[in-house]
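Okay, here's what each chain looks like letter by letter:
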Amino acid sequence: MIRGTVVIAEDICKGCELCIEACPQESLGLSDKINLKGYRYAVLVKDNCTGCVNCALVCPDAAIIVYRQKKPTKTAGPQVEVPI
Amino acid sequence: MIRGTVVIAEDICKGCELCIEACPQESLGLSDKINLKGYRYAVLVKDNCTGCVNCALVCPDAAIIVYRQKKPTKTAGPQVEVPI
Amino acid sequence: MDIPPLTNGYEIVYKKPQTLTDTPMHYCPGCGHGVAHRVLMEVVEEMGIQDRTIGVAPVGCSVFAYDYMNIDMQEAPHGRASAVASGIKRVLPDRYVFSYQGDGDLAAIGTGETIHVVNRGENILMVFINNGVYGMTGGQMAPTTLLGMKTTTTPYGREVKTAGHPLRITNLVAQLPGACYVTRQAVHTPTTVRKLKKAFRAALEYQQKQQGTCFVEVVSNCPSSWKMTPAEANKWLEENMFPFYPLGDLKLPAQSN
Amino acid sequence: MDIPPLTNGYEIVYKKPQTLTDTPMHYCPGCGHGVAHRVLMEVVEEMGIQDRTIGVAPVGCSVFAYDYMNIDMQEAPHGRASAVASGIKRVLPDRYVFSYQGDGDLAAIGTGETIHVVNRGENILMVFINNGVYGMTGGQMAPTTLLGMKTTTTPYGREVKTAGHPLRITNLVAQLPGACYVTRQAVHTPTTVRKLKKAFRAALEYQQKQQGTCFVEVVSNCPSSWKMTPAEANKWLEENMFPFYPLGDLKLPAQSN
Amino acid sequence: MEEKAEVRLMKGNEALAEAAFRAGMHAYFGYPITPQSEVIEYLMAEQPSHPECVILQAESELAAINMIYGASGAGARVMITSSGPGISLMQEGISYMSSAQLPCLIANIQRGGPGLGTIQPSQGDYFQAVKGGGHGDYHLIVLAPASVQEMADFVFEGFRLAEKYRNPAMILTDGALGQMMEKVVLPPKGSLPYPEKPWATTGKTKDRERNIITSLFIQPEKMEQINLGLQAKYRQIEKEEVRYETIAVDDAEILLVAFGLTSRICQKTQQLARERGMRVGLLRPITLYPFPVEPIAALAAKVDAVLVVEMNAGQMVEDVRLAVEGKCPVQFKGRMGGMIPSPEEVLQAVETIAEKQHAEL
Amino acid sequence: MEEKAEVRLMKGNEALAEAAFRAGMHAYFGYPITPQSEVIEYLMAEQPSHPECVILQAESELAAINMIYGASGAGARVMITSSGPGISLMQEGISYMSSAQLPCLIANIQRGGPGLGTIQPSQGDYFQAVKGGGHGDYHLIVLAPASVQEMADFVFEGFRLAEKYRNPAMILTDGALGQMMEKVVLPPKGSLPYPEKPWATTGKTKDRERNIITSLFIQPEKMEQINLGLQAKYRQIEKEEVRYETIAVDDAEILLVAFGLTSRICQKTQQLARERGMRVGLLRPITLYPFPVEPIAALAAKVDAVLVVEMNAGQMVEDVRLAVEGKCPVQFKGRMGGMIPSPEEVLQAVETIAEKQHAEL
Amino acid sequence: MITSQEIVIAGFGGQGVLSMGQLLAYAAMLEGKEVSWMPSYGPEMRGGTANCIVIVSDSRISSPILSKFDSAIVLNQPSLDKFVNSVRPGGLLLYERSSIISPPTRTDIEIVHVAAIEEAHRLTSKQVANVVLLGAFLERRPIVDPKNVISALKEVLPSHRQHLLPINEQALVRGRELALEALSESVSR
Amino acid sequence: MITSQEIVIAGFGGQGVLSMGQLLAYAAMLEGKEVSWMPSYGPEMRGGTANCIVIVSDSRISSPILSKFDSAIVLNQPSLDKFVNSVRPGGLLLYERSSIISPPTRTDIEIVHVAAIEEAHRLTSKQVANVVLLGAFLERRPIVDPKNVISALKEVLPSHRQHLLPINEQALVRGRELALEALSESVSR
Ligand SMILES: Cc1ncc(C[n+]2csc(CCOP(=O)(O)OP(=O)(O)O)c2C)c(N)n1
Ligand SMILES: Cc1ncc(C[n+]2csc(CCOP(=O)(O)OP(=O)(O)O)c2C)c(N)n1
Ligand code: SF4
Ligand code: SF4
Ligand code: SF4
Ligand code: SF4
Ligand code: SF4
Ligand code: SF4
Ligand SMILES: [Mg+2]
Ligand SMILES: [Mg+2]
């Protein structure tokens, strides 16, 4: 399984939970904390993210960056691959 | 053949000639005279009108009244028959 | 107009309806507006609804329709006749209400009103006189002007690139669920006049049944703007307008009761 | 938004495009506008046309789009975005021009402009966000509001009799010869987002070829006006909006070169 | 359904809407825009209790004003409401209605402009309302409420005047008065009689000539007659319908002139000023057209200075200057773009004038 | 294509159209309406000689003004023309453009109103043009030509001022000036330079921030700043751009004030009056906004009376009264609904005033 | 040579009244004069009567709209009735003979009539009746050189109608002659 | 009993700030007083801060918009910062304790804070925190009889929410008690 991870901008997130709905791995949940705008924001709750990008695709606030483990076979250089 | 006739309001007529075009009997033509509005107006030029109403139907200025010989078989009373 | 006394042994088989006034019409010789006016008023007379019919004519050559039609009428701002007619119909739902609009009015500036009035299924009759130009203002391009046709604002002929395609708004209207009866007719021959009369009659009868908007397009002429004699104009109409605006019904009401 | 340093051995596979500014969007949580903005800007970034793209957003929730899209933009009067976009495109024919309009804007007050812009085949992209309500003004009925749907101006549910039918303006637009590419998409799942992106890309590529107007409807949500959570809203959307506004292409360009 | 007078705590927009029902409105056509959407929302919610009244959300303000045109021409008592941009879109229709002499009530719940501006309250549409935003020579009867009570009362008054003079009437108010709540006493339904409208297009019966609603008179001689008729009507309105209110003007040295919301603010200023020993009075035009020219002219002859306060760049002040005709200095204090002047800042303006006045003595 | 200055006999509408080409117009969007349809007809006929210029017949005036908005925002030099009803429909767009500070040239070839009215010439849209027919506080720069030559010249002037101040400019004229022919000297094409428009939305290049055309400033504090900016601009325009013309005012006892067509008529009256030994002068405001307040005020202090002549019910006369401020009586002579006053009937009005003046001596 | 004239020209829509005025104005402009041409706005949209006011002057023209004229040229009875009293004493009233049933009776003005339509028919183009009248007018009020009328015509005629120049030139000359004849008639009478 | 008060109430959008003001105004109206309630227009379309000005008076109310107040009731820090200096000397500043990080330091006004949110949770409905505050306010400024607040509530609550009356009644009473406690605290301090 490919390993991935996400970084969610907690100040931008509005806690709409659409990413949580969209994640096939159920990796995401709402934090108990409230951000400056008064929203409970989305956080990684499990370490099983595959970097499938689903969450980022549906995020209305463009709050999610998705990372994926580099394929070791590939040649060097940080390639940004945009899968859609 | 049914016999008919038409009465054309010469002051209303604009000489568009559409009645002349529409008459299957070629009964109509333009007068040589000019009416108050400056138009040569339509007149009966032949005595073969059948009262078919075509001319009146296409007259944009509602200038034509069409008459038809009463059918003698019918019972009394001046019946106004509107054929369309 | 005084009706001459019955010629001996003759009877009147056709005369102008009482629902037209005696005011001579200002239209150019051979203009289809006059025929459309008369036919519509014949239907109003025959249905006996003069006292319950209210017409709306906006700016366009037919702006003076109220001088000719012997019924209560309103003159509407350019493009808004159907909105005005909706306003009347909503407060007087048992009256017969129609709008009488040119192609510039109904299909250019009034497009939004046209679509929404029909979409709401306002129980009115919309009469749409399509003569392919702005007659009243001197023959400018209308949305319905054919490609290649010369008008005062397309002096080298209408081109798709700058002015777009002629708009068959009646086809759009026919697809709206609010439309009850949509038909395209003409006024240039005895036959088409007879058919138009049937269409007007049907439309007004449907109105009573509250089934939605009835829409009657009349493909007409404008000898003055087209710079033709009336006969030439009618020929040109058949050869050029009809292929693009074919006559016939575009939508009939679902059920006939 | 600062992008965190690459986690060791990881690479970024998805991030916000540079064509979006860092200004947080004012939209309600879960609102589809944000996704549509982002996807459109991703295409602009990927095509490398930021310096040649001009957007027009009229009044509606997306009125502040210029705060978020990092391109030259104009804010248009209600309903007139496509006219404004036409004005831009006509004087800058080599630029990519799009309008971004809500259903109130494009299908109610702007109906006339919508029909005529497409009919003229203006070489622009019209993005049409159909969320079935007037979001910005507090959830009033839009032309696209479904029958029975409660809004602040149809508190007892939309009824045909008074308010008419929901209007599928995209279907009308698809029939105009000026339309090049007409499609209906959504933004509520990863799959629909991917498809929407393809649609935007296609539309902008067609624009270069001057084949006419491209029209992309996005069936979207308005959790606030619908009084639902975002997840509920998206479910409701699938169950109620899609049957009436089915997704898919309504018109593809004649030839693909 | 007869209802009794009733006391309620209501928003101005709601009071206006409820009053319209009670004033026997037959039809309302409108389009949402902040800050007046409560009007149509209230009407839609309450419509089932008033089945005789048509409430329709049009596809645009343009369609709405023309539905009003049609319905009014058909004899109905009609109302339309909007704000800034929406009212601008109605200018052609308003000019038509003025010319065709169709009664109707238009409410402009003003917001800050020009353009899209803000949704905050403003008085920036005074010129448009009073001088005529549409083409040609015409006047609306313009009423400026200053309380929620008047938001309701002027609906009755507006319908009454509109029908009396066969002229569009306008309630020119603002978002603050639309959104604020106050106590309001509502008159019972049915208390405003319907006048005869023999000119209405209700269907030409045998016993009369056809009725025609039109603003087209192609012969200039005829059109001039129409215009002279309108002007004669306006002179009559100017003679008979001027309304205004004064507070403490008898001994005033400085006269405040303000309408609508700012008149309320100036009332507070006037109190504060009196507390500080300054002789300040207030005149509030209630009708903006017809404008209270004579009362202002009379007071101008007695006071040292006039201060006009508006939420705009200075519009009514022109009418005040025309009334004052140089008899005393006329100053202006305005806020714009949705900003509301506070009583204290108006007081400051008053103090500056007072000081200058004293310095000149 | 450079063209030289050229003398032609042209209709006012044609001169305006031809001048627009020569002034380097990039785009015209319009809609037919009498009495100005010659403008778009001329432009369409001549467009092949000006391939750089877009001429488009829009589906409505509303669409047209918004195409103008877009094209102007994109940096183009743009013009739109219409008459009464069409101009009323543009009021929202004009308010937006004023707020967004978009230069453009609007010509209103006035006809008799209100409503559909007549197609005869009129000056009934003065208030709409000068006080602001749209919502909010804004001003157009308003130029009033009085000859076919000026119909051409003011196109150049209008574009120049509009671009200098980033403000819509209007040519307020009438159907008679639009239809009449006079000799006109046309400046060569290319004689009006294009200013830089760094604010235009032409595509955000790497070297600059994105450009935004908007009139929305939701924060009232910000919107007030926008308004203050506009007002400061208007004060500058009032200071620098007032234009007027005087004839025989030095020893005048009676001052005629008239603009556009009526100023030509008054010129004849002035000659006739002098022939009869009456000391009559004429002041013609060329800019209606900014209005020549000071010159009128200065003359008002010297003359016995002012007579304002307009083809309306009395509109500019208010601005004259505001300028005169009671210094002398201000009389008004107007015709309406498309009627044009004759020099002789104006003379009669002058004689009446003169008699009264003498009676009072 | 007179230097200034205020003229009204009136007739039916199709009679070339407006273009006659334009031609005169154009010719005057070619001579460096100030000119104005103001068509009337008839209430009719199409057809009906038409008229225009032409002013030719050496100095700046004030009102282009007048109610009194130095000369009137009329081509039909309604126009004659309308303008007969608008001619200043000593002024000129020129009319097309066959179009007028009841001739004017004023004695304080110069009255000239020519059979312009008849003459035009003789010249085989009824279009030029207006030019015949213009020739007659210029004989009585030589405000511009007839040569310049022809130059003006050259300028305004589109290329496909330039072949009409000679016939117009003839018409102008014939108009002049007819006016002279009319004068000698009235003198001899 | 005091007879007139100019009050500002401010907090976040969802905290019931506007309805608290309405309730107070309604109650005062029931007592025959003149009232006005003016919501502020935040620039935000949704969410963000909200406030309203309530004026209760025995005589006709002039300006419904004020910049100085007799009392301020605030439910969050931004509102406190905004309005702390708008309270007239001798006036009242009442705030929700848990929502304020940096308390006010003015000494020329009366400052009262109650833990309204905590109390509301205790009453098992966080919706009533505003009513708790209203109770506390009325203890310090008895401008209306709390009974009339309940009557007002009866009038404004839709039928399907009438069951909430008792809990609101309790909230009002608890607010009053908390204010008394706060007072005795500060007195004892
Ligand atoms: C707002 C407005 N714009 C323009 C006009 C000018 N106008 C009058 S009628 C008309 C178009 C007429 O064309 P159409 O509707 O096709 O009617 P037709 O004369 O051809 O029968 C126009 C543009 C107007 N009166 N009002
Ligand atoms: C002329 C005019 N009328 C009305 C409005 C008020 N208004 C602003 S946005 C809007 C409708 C918004 O709905 P939609 O276009 O569907 O956009 P959404 O907010 O749903 O995304 C309205 C009616 C306005 N700004 N201008
Ligand atoms: S990238 Fe895929 S797996 Fe990872 S959190 Fe997002 S949706 Fe879940
Ligand atoms: S989709 Fe975006 S905004 Fe919504 S909860 Fe997830 S990260 Fe937050
Ligand atoms: S009625 Fe028939 S036959 Fe007689 S004239 Fe008319 S068309 Fe000809
Ligand atoms: S159709 Fe009518 S108007 Fe035309 S020529 Fe015949 S009678 Fe005359
Ligand atoms: S201009 Fe055309 S449409 Fe108008 S009356 Fe003449 S022929 Fe008919
Ligand atoms: S109101 Fe609706 S459309 Fe607007 S931002 Fe909120 S959810 Fe989105
Ligand atoms: Mg037409
Ligand atoms: Mg929407």
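Look up a bit, the structure's there.
Within any chain, residue numbers begin from 1 and follow the written order of that chain's sequence. Chains carry letters and ligands carry numbers; both start at the beginning, A for chains and 1 for ligands, and go up in the order they are written. This being a predicted model, a pLDDT of at least 70 is required before a residue's local features are given, and a value of 80 or more before pairs of side-chain atoms are given or counted; all residues contribute to the totals for chains, interfaces and linings. For the side-chain quantities, the full set of heavy atoms in the structure was used; hydrogens and water were omitted.

A.B. asks: Please provide a residue-by-residue account of the overall build of chain G, values included.
C.D. replies: In DSSP terms, a helix is any run of H or I states spanning at least four residues, a strand is any run of E spanning at least two, and both are numbered starting from the N terminus. Helix and strand content of chain G: 6 helices and 6 strands. Tracing chain G from N to C terminus, the helices and strands come up as β-α-β-β-β-α-β-β-α-α-α-α. Based on C-alpha atoms, the radius of gyration is set beside the globule rule, defined as 2.2 Å times the residue count to the power 0.38. In terms of C-alpha radius of gyration, chain G reaches 15 Å, essentially the compact-globule figure of 16 Å for 189 residues. Per-residue burial over chain G gives 56% buried out of 189 residues. Contacts are residue-level and defined by heavy atoms, with any inter-residue pair within 4.5 Å sufficient. Looking at chain G alone, contacts between residues at least 24 apart form 58% of all its contacts between residues at least 6 apart. Using a 1.4 Å probe, accessible areas were evaluated by the Shrake-Rupley method; residue-level cover was limited to the displayed protein chains. When the accessible surface of chain G is totalled, it reaches about 8300 Å², and 53% of it is carbon and sulfur. Across chain G, the 18 positively charged side chains and the 19 negatively charged ones have centroids separated by 3 Å. Burial classes follow relative accessibility: with a 1.4 Å probe on protein chains only, a residue under 20% of its type's maximum area counts as buried, one over 50% as exposed, and anything between as partly exposed. This count recognises Lys and Arg as positive and Asp and Glu as negative, with His and chain-terminal groups excluded. The location of each charge is read from NZ of Lys, CZ of Arg, CG of Asp or CD of Glu.

A.B. asks: Which residues make up the coordination of the magnesium ion (ligand 9), and what are the values?
C.D. replies: Residues and elements named next belong to chain C. Any nitrogen, oxygen or sulfur atom within 2.8 Å of a metal ion counts as a donor, with the limit raised to 3.2 Å for Na, K and Ca, and since water is left out, coordination shells can look unfinished. Taken together, D103 (OD), N131 (OD1) and V133 (O) make up the full set of protein donors to the magnesium ion (ligand 9), lying 2.0 to 2.2 Å away. Between consecutive donors of the magnesium ion (ligand 9), the numbers of intervening residues give the motif D-x27-N-x1-V. Each member of the pair, N131 together with V133, is buried.

A.B. asks: Give a detailed account of the packing of helix α10 (residues 260–275) of chain E against helix α13 (residues 343–360) of chain E, specifying residues and quantitative values.
C.D. replies: Residue and element names in this part refer to chain E. Each axis is a line fitted through C-alpha atoms, and for a helix only the stretch in contact is used; angles between axes span 0 to 180 degrees, taken between their N-to-C directions. One can describe the packing of α10 onto α13 by two numbers: an axis separation of 8 Å at closest approach and a directional angle of 60°. Looking at the two axes, α10 sits oblique to α13. For the pair α10 and α13, the crossing hand works out as right-handed. Facing I265, C266, K268, T269, L272 and A273 of α10, the residues of α13 in contact are P343, E344, V346, L347 and V350. Its residues assigned to classes, the contact of α10 with α13 comprises 8 nonpolar, 1 polar and 2 charged. An angle below 35 degrees is treated as roughly parallel, one above 145 as roughly antiparallel, one from 65 to 115 as roughly perpendicular, and anything else as oblique. Here is the rule for handedness: rotate from the far helix to the near one, and if that takes an anticlockwise turn smaller than a right angle the crossing is left-handed, while a clockwise turn gives right-handed. Amino acids outside the nonpolar list (Ala, Val, Leu, Ile, Met, Phe, Trp, Tyr, Cys, Pro) and the charged list (Asp, Glu, Lys, Arg) are all regarded as polar, and Gly is one of them.

A.B. asks: Explain the site of ligand 4 to me, using residue names and the numbers behind them.
C.D. replies: Every residue near ligand 4 is listed here: I8, C13, K14, G15, C16, E17, C19, A42, C59, P60, D61 and I64 of chain A. Within the shell around ligand 4, the residues separate by chemical class into 8 nonpolar, 1 polar and 3 charged. We call a residue near a molecule or strand whenever a single non-hydrogen atom of that residue lies within 4 Å of it.

A.B. asks: Please give an account of the interface of chain F and chain E that cites residues and values.
C.D. replies: Facing the 58 residues of chain F at the interface are 58 residues of chain E. Both sides together, the interface formed by chain F and chain E hides about 4800 Å², and carbon and sulfur atoms give 62% of it. For salt bridges, the criterion is a side-chain nitrogen of Lys or Arg within 4 Å of an Asp or Glu carboxyl oxygen. Viewed at the interface, chain E and chain F are joined by 4 salt bridges. Between E318 of chain F and K131 of chain E there is a salt bridge, and its shortest N-O distance comes to 2.8 Å. Within the residue set of the side of chain F that touches chain E, elements represented by two or more residues are α4 (84–89), α5 (91–100), α6 (126–132), α9 (220–240) and α12 (316–324) of chain F. It is α9 of chain F that provides the largest number of residues to the side of chain F that touches chain E, a total of 8 residues. The term buried area refers to how much accessible surface (probe radius 1.4 Å) is lost by two components on association, counted for both of them together.

A.B. asks: Give me the lowdown on helix α10 (residues 230–244) of chain C, citing residues and values where you can.
C.D. replies: Here the expected length of a helix is defined as 1.5 Å per residue gap, with one fewer gap than residues. Taking 1.5 Å of rise per residue, 15 residues should cover 21 Å, and α10 of chain C covers 20 Å from first to last C-alpha, within 8% of that figure. Here the bend at a residue means the angle between the axes of two seven-residue stretches, the one that ends at it and the one that starts at it. The largest bend along α10 of chain C measures about 35° and falls at L237 of chain C. Of all the residues in α10 of chain C, the buried ones are P230, A233, N234, L237, M241 and F242 of chain C. On its buried face, α10 of chain C is in contact with α1 (18–22) of chain B together with β5 (125–130), β8 (179–186), β9 (213–219) and α9 (223–226) of chain C.

A.B. asks: Summarise the sheet that holds strand β7 (residues 168–174) of chain E; cite the residues concerned and give the values.
C.D. replies: All names here are of chain E. Strand order in the open sheet made by the 7 strands is β3-β2-β4-β5-β7-β6-β13, with mixed pairing throughout. Two strands lie at the open edges of the sheet, namely β3 (54–57) and β13 (287–289), each paired on one side alone. Shown here is a sheet whose adjacent strand axes are inclined to one another by a mean of 20°, direction ignored. In this scheme, strands are said to pair when DSSP sees at least two bridges between them. The sheet contact formed by strand β2 (residues 27–30) and β3 spans 4 bridges and is parallel. The residue bridging A27 from the neighbouring strand is V54, located in β3. In the packing of helix α1 (residues 12–22) onto the sheet, the strands contacted are β3, β4 (78–82), β5 (104–110) and β7, and the crossing angle to β4 comes to about 170°.

A.B. asks: Give me the sheet that holds strand β12 (residues 280–285) of chain F: which residues, what numbers.
C.D. replies: All names here are of chain F. Read across the sheet, 5 strands follow the order β10-β12-β11-β14-β15 without closing on themselves; strand pairing throughout is mixed. Looking along the sheet, the strands with just one partner apiece sit at the ends: β10 (244–247) and β15 (330–334). Averaged over neighbouring strand pairs, the angle between their axes works out to 20° when direction is ignored. As paired elements, strand β11 (residues 254–257) and strand β14 (residues 305–310) share 4 bridges and run parallel to each other. The residue of β14 that forms the bridge with V257 is V308. Contacts from helix α10 (residues 260–275) reach β10, β11, β12 and β14 within the one sheet, and its direction differs from that of β12 by about 170°. Packing against the sheet, helix α13 (residues 343–360) makes contact with β11, β12, β14 and β15, and its axis sits at approximately 160° to β14.

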